[in-house]
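Notes for the structure review
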Amino acid sequence: MYFEDVDLGRRMALAGWRNIFVPDAVVVHIGGASTEKVADVMVRAHHRSAYTYIAKTHPGLLWAPVRIAVKLGLRVRAGSIIRKAHRAE
């Protein structure tokens, strides 16, 4: 969840397709309705998804230090976001 578009773009590029940046394109996301009441769960799921994508695209022992740093950084960031949201309530 949350990194499907990034993964699709990567896989399309690997298959020989071109990703094209269109700066005038506009996407309107009317969202959050399904997750606004469970923001903690959403934040954790988003950060877990980010790590899963990084781990999938950077496997092996050579990338292990990067994966560890990313995992720790995402954990700290998620905790910070959740704590800040609870203080604002």
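Right above here is the structure, for reference.
A few points on the structure. Note that the structure is a prediction, hence the values are computed from the model and not measured.

Scoring rules and cut-offs
- Residues numbered from 1 in each chain as written.
- Predicted model: local features only at pLDDT ≥ 70, side-chain atom pairs only at ≥ 80, totals over all residues.
- Heavy atoms only, no water.
- Helix = DSSP H or I, 4+ residues; strand = E, 2+ residues; numbered from the N terminus.
- Rg over C-alpha atoms; globule rule 2.2 N^0.38 Å.
- Phe/Tyr/Trp six-rings, centres within 6.5 Å; stacked < 30°, edge-to-face > 60°.
- Buried < 20%, exposed > 50% of the residue type's maximum accessible area, 1.4 Å probe, protein only.
- Lys NZ or Arg CZ within 6 Å of the ring centre and 35° of its normal.
- Axes fitted to C-alpha atoms, helices over the stretch in contact; angles between N-to-C directions.
- Parallel < 35°, antiparallel > 145°, perpendicular 65-115°, else oblique.
- Left-handed = near helix turned anticlockwise from the far one by under 90°.
- Contact = heavy atoms within 4.5 Å.
- Nonpolar A, V, L, I, M, F, W, Y, C, P; charged D, E, K, R; others polar.
- Polar contact = N/O pair within 3.5 Å; in protein donor to acceptor, adjacent residues only side chain to side chain.

The helix and strand inventory of the protein chain stands at three helices and zero strands. For the protein chain, the succession of helices and strands along the chain, N to C, is α-α-α. Relative to its length of 89 residues, the protein chain is extended, with a C-alpha radius of gyration of 16 Å against a globular reference of 12 Å. Taken along its principal axes, the extent of the C-alpha atoms in the protein chain is 50 × 40 × 20 Å.

In this section: the packing of aromatic side chains. All told, the structure shown has one aromatic pair when counted by the stated rule. Here the aromatic rings of Phe3 and Tyr53 are separated by 5.9 Å at their centres, their planes lie at 20 degrees, and the arrangement is stacked. Of the two residues, Phe3 sits in the segment before helix H1 (4-14) while Tyr53 sits in helix H2 (residues 39-57), which places them 50 residues apart along the sequence. Classification of Tyr53 by relative accessible area gives buried; the value is 14%. Lying across the ring of Tyr51, Lys71 places its NZ or CZ 4.8 Å from the centre.

Between H2 and helix H3 (residues 64-88), whose axes approach to 10 Å, the crossing angle comes to 165 degrees. As judged from the angle between their axes, H2 and H3 are roughly antiparallel. Crossing of H2 against H3: the hand is right-handed. Only Arg67, Val70, Lys71, Leu74, Arg77, Ala78, Ile81, Ile82 and His86 of H3 make contact with H2, whose side of the interface consists of Asp40, Val43, Arg44, His47, Ala50, Tyr51, Ile54 and Ala55. The residue inventory of the contact of H2 with H3, partitioned by class, reads ten nonpolar, two polar and five charged.

What follows concerns the side chain of His47. With respect to the secondary-structure elements, His47 resides in helix H2. Since its relative accessible area comes to 7%, His47 is described here as buried. There is a polar contact of 2.8 Å between the side chain of His47 and the backbone oxygen of Val43. Beyond its immediate chain neighbours, meaning those up to four positions away, His47 contacts Leu74, Arg77, Ala78 and Ile81.

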